[in-house]
Amino acid sequence: MMKKKRLSASKASLVLFLCQMISALDVPLDSKLLEELSQPPTITQQSPKDYIVDPRENIVIQCEAKGKPPPSFSWTRNGTHFDIDKDAQVTMKPNSGTLVINIMNGGKAEAYEGIYQCTARNERGAAISNNIVIRPSRSPLWTKEKLEPHQVREGDSLVLHCRPPVGLPPPIIFWMDNAFQRLPQSERVSQGLNGDLYFSNVQPEDTREDYICYARFNHTQTIQQKQPISVKVFSMDSLNDTIAANLSDTDIYGAKPVTEKQPILLTPTGSTSTKVELRGSVLLLECIAAGLPTPGIHWIKEGGELPANRTFFENFKKTLKIIDVSEADSGNYKCIARNILGSAYHVISVTVKAAPYWITAPRNLVLSPGEDGTLICRANGNPKPNISWLANGVPIAIAPEDPSRKVDGDTIIFSHVQERSSAVYQCNASNEYGYLLANAFVNVLAEPPRILTPANKLYQVIADSPALLDCAYFGSPKPEIEWFKGVKGSILRGNEYVFHDNGTLEIPVAQKDSTGTYTCVARNELGKIQNEVQLEVKDPTMIIKQPEYKVIQRYGQVSFECIIKHDSTLLATVTWLKDNDELPDDERFLVGKDNLTIMNVTDKDDGTYTCIVNTTLDSVSASAVLTVVAAPPTPAIIYARPNPPFDLELTGQLERSVELSWIPGDENNSPITSFVIEYEDGLHEPGVWHYQTEVPGTQTTVQLKLSPYVNYSFRVIAVNEIGRSQPSEPSEQYLTKSANPDENPSNVQGIGSEPDNLVITWEPLKGFQSNGPGLQYKVSWRQKDVDDEWTSVIVANVSKYIVSGTPTFVPYEIKVQALNDLGYAPEPSEVIGHSGEDLPMVAPGNVQVHVINSTLAKVHWDPVPLKTVRGHLQGYKVYYWKVQSLSRRSRRHVEKKILTFRGNKTFGMLPGLEPYSSYKLNVRVVNGKGEGPASPDKVFKTPEGVPSSPSFLKITNPTLDSLTLEWGSPTHPNGVLTSYVLKFQPINNTHELGPLVEIRIPANESSLILKNLNYSTRYKFYFNAQTSVGSGSQITEEAVTIMDEAGILRPAVGAGKGYSETLFATSPVMHTVRPTFYKVQPLYPRIRNVTTAAAETYANISWEYEGPDHANFYVEYGVAGSKEDWKKEIVNGSRSFFVLKGLTPGTAYKVRVGAEGLSGFRSSEDVFETGPAMASRQVDIATQGWFIGLMCAVALLILILLIVCFIRRNKGGKYPVKEKEDAHADPEIQPMKEDDGTFGEYRLFSFVSSAPF
């Protein structure tokens, strides 16, 4: 039976018009096919519902549509037909429904206010646009008013009202002073949502006469200014002075000191208020309080929590902002203002309503004659929206009847449609807060089969890989697809083929005999068509001789080989990489046909070299490491640096140049290669020397270019191969005249620090670049692509200027020009900057996960609209974490992992997953401000994998003819265990392996007795676990049956470390019991009895070794308890001792001994401690009188003893101490010898480890 499965989105060659109905046709987006098929109109572009236009510019009302035949267009205005031919100011673009109303040549925008709707019509139906409300923008002037000065006492509250003119759209409000500097705001002074400026308490520094409210109308790019407001704050000290001047000495006078006040709310007033907000919009709640000290504001939601990830606090926590509100955000929000004297609160009851939003929008239907289908229109809102249907723009109740159509509320049911049933239907969902309008057509087509895949298309694949042969088709009714191999071959069936719904034939594992011609046949009741394609299966590319690891001495030559084999019909290219990057551009690297040669090797050539072979169908690679070691050193010849130059002289002084000459100092046996000239600016940076230029060592005169307004001094430094001389003595000073600046600041940038500002920065000119006194900067900016005038301001010698009140993330043209008291620098170049970024608004949608294998998955998502990023798109972050293992059903601590995908990528790979586990993930968009909201968590599961090796294998209870095996289940089953596989074979005295026996054991067993074995025979065992996917890695062990019952060996057992071998199964009988434990003698080498003897800075390590001869040992050590890597020392020869030197006194160390070439073969760890450091004295005792006297006394005593010994020897006597030493010699008390030195007396600490490996 044929297999059918759907192609993934990445492989799909057909894009659907509609996938709502199973019976609906799939129409491929083939340009030639679409030109031939009839199609009702579809609106592709239209102006927004609420369209505010600039009254100074022409009005363009967009309406674009597609269809076959091309549609014609008509308009209504305020519900009646709009005859554009009767209005000379209105034209319609050719082949389009877009209207252009000519305002710039005499028309008035106010005359064209109204509600417009576009209709696109052809012979198959009519589509309509939204109702487009046209309104010209308005930016009225501020009304004239007389503003009285505000006189207020220190500590009182104050509100400065803005009351801007009502505009369309509403203006943006900000407060500035006469110098166009934004007024600083804080917890005490801030601007409210209504534009008023609130003072929680006034201070003397608030006194000023230029509080100015500005209203910016963005649509017309105009700014209106209110009259300046004057504020005078009377402090208590000045008030007391005023009172004192008007009272006699006998009067009691004096104003009270500033009184602290408990909080009261300035806005909103009262204790409660209400607010209605629409679903999906931004909820802004505000509380501003008066009081002294300044109250702090705290927000809570009664009976609930503020929504996480959507709640923000602005304006020093006086404004609560909740984005993307939903019905769940309805409730009572309480703001609390608190200082040390008390608190005040206000409760805002929030109700969230909703304009209509789609649950299921109607989708286009493409049907065959006689088929059935449905159009579904489902929307929600608060209140519940009303659903109404139209047919070709006419209410369906009065539209021409269609017997195949039946309306059932939000659904239209079509039964047994005919070609005359084609039409465009409109669904309107509306409530008091808005409406939704959607067009969906029903297109009934009768078409014979067509095959869209080009004839005789050639497909080429590599052997043993999948082959996909396309047969893209279309027909109505939907054709049936059959495949044949060859022109007259039989129809293809069977498990070796996969037949996809889109007509593609898949050969999962293509072989060389799969090469040939394949025929695709498509048929329906209207006809039949066929197409042939060709398949060629190529041999895979292989590297038959790979590059090998090389060690080379510095300055030597090395060569890596890379010999390849590939299909003779494919062109192979070989590329070499170093450390996964291109080879250095160096003539020492010679790339041949089959090799890479490096001449004159240096230390920087150390690294990994990779040979990559590419054909048009496949790619293979192989790598090798190059290690560069030092060459034998050569004796260095010592030279000296030159002496400094002297006798510096300035001649030929001009405004912009001067000539400097000098006499060189002694070269000191190394020729002078160059002279470096430096200068000091005594006017701007005295004492700081700067690089001016460098000239060859044969030159002693140089013409120097100078800058204006600099007091120059020069000095010269001589350079040879050894180094630089000391600087010469400075020359005489030379002051140049002032001039205009020659250059403008560099590194001009515009980057917003907040969503509503633009921070313009630059690198200021250095002192000598100013060319004169009075250095300043002219900063200019204007919004890009808006045709706005430049705004400019002149600032002092600073490096930054902040433009406030900007829209979020808008491009600006910026330039910064230098000027001084003599004039301006040349006109500067413009740079593009952006106002401040804000956090992204929406999460990526349509997150899909495709599990590739048990450890790898691919995640897809739809990109977020760029306008919602609100900043520079940096990429997407995927958060994913393991929920649980499907085999153990046990949860664990969730450790989230994060992968970042740069740029506008819409997919990524998730590596390192654990097999047979459940995972969750979500995706977030990232800009320069941070991360946006997370997408809903997506759950996916990984399939089973092969298990790890069993945790241990023990062989016990040896007898004459049997052994008992016990084992532990795998640490990582990676699925459901199906069985264990045991393989074993005897080993004779010459280490030859006998026949292999295999046993398959149920997964619930943990032990086995092997019987009928040969006595006194060594056996090798291989053991692994299996899941339904396959076999895991195996562990190995060896054991020996005994000669007789009395020969049971001493206990010692270990689990083999294991390695993988490919074996084939047999099926002997097995016996499982609960055995008694007898350990089998180990048959592998071991190191035991590691002993350490430690002094202050060194330790002697010794050990015992059992195993093959000629083992190369190494010693590893490190500080006990530290997480640092082990340090490794190689032992020369096969000695069983080693001295560790350079240790730290009074420190605990860990140590272990291993043998090279034996994987995992090392001793157990031992711990020792070095002796404490001996205290050192700060006084040299050799200069002390008492020490000199003591030494003289000791010398005299030794001289007397020598004389006595000499006399006794001449008399034939024996020294009594010597007799005792000769009689009681202790062989243990001997100095310790070592190949590399002798140990004398020291304090030692011994630790003995006898645990076997």
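Residues numbered from 1 in each chain as written. Predicted model: local features only at pLDDT ≥ 70, side-chain atom pairs only at ≥ 80, totals over all residues. Heavy atoms only, no water.

Things to note about the overall build of the chain
What counts here: Numbering of helices and strands starts at the N terminus; helices are DSSP runs of H or I of at least 4 residues and strands are runs of E of at least 2. Only protein chains enter the accessibility calculation, which uses a 1.4 Å probe. A residue is then buried if its area is under 20% of the maximum for its type, exposed if over 50%, and partly exposed in between. Pairs of residues are marked as contacts when any of their non-hydrogen atoms sit within 4.5 Å. Using the Shrake-Rupley algorithm and a 1.4 Å probe, accessible areas are obtained, with residue cover drawn only from the displayed protein chains.
For the chain, the count of helices and strands is 5 helices and 95 strands. In the chain, which comprises 1253 residues, the share counted as buried stands at 41%. In the chain, the proportion of contacts linking residues at least 24 apart, taken out of those at least 6 apart, comes to 66%. Total accessible area computed for the chain in this model is approximately 67,900 Å², and 51% of it derives from carbon and sulfur atoms.

Structural notes on the confidence of the model for the chain
Spelled out, the test is: For every residue, the predictor states its confidence as a pLDDT score lying anywhere from 0 to 100.
For the chain, the mean per-residue pLDDT works out to 84, and 86% of the residues sit at or above 70. In this model, residues 1044-1083 is a region of pLDDT below 50 whose contacts with residues beyond four sequence positions or in other chains number 96 contacts. Confidence drops under a pLDDT of 50 for residues 1175-1179, and excluding neighbours within four residues, the segment shows 1 contact in the predicted structure.

What about the packing of aromatic side chains?
Heads up, the condition is: Each aromatic pair joins two rings of Phe, Tyr and Trp (for Trp, the six-membered one) with centres within 6.5 Å, and gets the label stacked for planes under 30 degrees apart, edge-to-face for over 60, and tilted for any other angle. Look at NZ for Lys and CZ for Arg. If either is within 6 Å of the ring centre and within 35 degrees of the ring normal, a charge sits over the ring.
This structure, assessed with the given rule, holds 24 aromatic pairs. On the basis of an interplanar angle of 80 degrees and a centroid distance of 5.8 Å, the ring pair of F199 and Y211 is categorised as edge-to-face. Taken together, the residues F199 in strand β16 (residues 197-199) and Y211 in strand β17 (residues 208-217) connect sequence positions 12 residues apart. Neither residue differs from the other here; F199 and Y211 are each classed as buried. Ring geometry for W967 against F1023: centres 4.8 Å apart, planes inclined by 45 degrees, an arrangement best described as tilted. Of this pair, W967 sits in strand β80 (residues 963-970) while F1023 sits in strand β84 (residues 1018-1027), and the two are 56 residues apart along the sequence. As far as burial versus exposure is concerned, W967 and F1023 are alike and both buried. Three or more aromatic residues joined by ring pairs make a cluster, and in this case those are F174, F180 and Y214. Seen from the ring of Y435, K49 lies directly overhead, with NZ or CZ sitting 4.1 Å from the centre.

Overview of the environment of T374
By the element assignment, T374 lies in strand β30 (residues 373-376). Assessed through its relative accessible area of 17%, T374 is described here as buried. Remark: the alpha-carbon pair of T374 and F414, spanning 40 residues in sequence, is separated by 5.8 Å.

Considerations on the side chain of T1027
Tracing the backbone through its elements, the reader meets T1027 in strand β84. With sequence-adjacent residues up to four places away left out, T1027 is seen in contact with E944, G945, V946, P947, P973, G975, V976, L977 and T978.

Thoughts on the pattern of salt bridges
Under the convention used in this document: The term salt bridge refers to a side-chain nitrogen of Lys or Arg lying within 4 Å of a carboxyl oxygen of Asp or Glu.
One pass over the structure, following the stated rule, counts 35 salt bridges. Taking the shortest distance from any N to any O, the salt bridge between E482 and R523 comes out at 2.8 Å. On the criterion of sequence distance, the pair formed by E482 in strand β42 (residues 480-485) and R523 in strand β45 (residues 516-524) is long-range, its members being 41 residues apart. On the basis of relative accessible area, E482 is assigned to the partly exposed category, the value being 23%. K545 is paired through a salt bridge with E561; the nearest N and O atoms lie 2.8 Å apart. Taken as a pair, K545 in strand β47 (residues 542-545) and E561 in strand β49 (residues 558-561) lie far apart in primary sequence, 16 residues in all.

What about the nonpolar core?
Spelled out, the test is: As used here, the term nonpolar core means buried Ala, Val, Leu, Ile, Met, Phe, Trp, Tyr and Cys residues forming a set that is joined through side-chain atoms within 4.5 Å.
Of all hydrophobic cores here, the largest spans 30 residues; its most connected members are I59, I61, W75, I101, Y116 and I134. Counting residues per element, the ones that place at least two in this core are β2 (50-53), β3 (59-61), β4 (63-68), β5 (72-77), β8 (99-101), β9 (114-122) and β11 (132-136). With 3 residues, the single largest contributor to this core is β9.

Some details on a nonpolar patch on the surface
The condition that has to hold: Candidates for patches are residues over 30% relative accessible area with no salt bridge; among them, like charges are joined within 9 Å and nonpolar side chains (Val, Leu, Ile, Met, Phe, Trp, Tyr) within 5 Å.
Residues L1196, L1199, I1200, I1203, V1204, F1206 and I1207 make up a contiguous nonpolar surface patch of roughly 660 Å² in combined accessible area. Turning to its location among the elements, F1206 is positioned in helix α4 (residues 1185-1210).

Some points on the side chain of T610
Cut-off, in case you're wondering: We define a polar contact as two N or O atoms separated by no more than 3.5 Å, with the added condition that, inside protein, one atom must be a possible hydrogen donor and the other a possible acceptor, whereas residues neighbouring each other in sequence contribute only through side-chain atom pairs.
Among the structural elements, T610 can be located in strand β55 (residues 607-614). For T610, the side chain forms a polar contact with the side chain of S623, separated by 2.7 Å. With residues near it in sequence (within four places) discarded, T610 still touches T575, W576, L577, N580, S621, A622 and S623.

Here's the deal with the environment of Y880
Within the secondary structure layout, Y880 lies in strand β74 (residues 873-885). On the basis of relative accessibility, which here comes to 5%, the residue Y880 falls in the buried class. Measuring from C-alpha to C-alpha, the distance between Y880 and K897 comes to 5.4 Å, with 17 residues separating the pair along the chain.

So, the sheet that holds strand β53 (residues 589-591)
Operational definition: Note on pairing: DSSP must find at least two bridges between two strands before they are called paired. Helix axes are fitted to C-alpha atoms over the stretch in contact, other axes to C-alpha atoms as well, and angles between N-to-C directions run from 0 to 180 degrees.
Taken in spatial order, the 3 strands of this open sheet run β49-β54-β53, and their pairing is antiparallel. The open sheet terminates on both sides in strands that have one partner only, identified here as β49 and β53. Averaged over neighbouring strand pairs, the angle between their axes works out to 15 degrees when direction is ignored. For β53 and strand β54 (residues 595-598), the ladder comprises 3 bridges, and the chain directions are antiparallel. Bridging across to β54, F589 finds its partner in I598.

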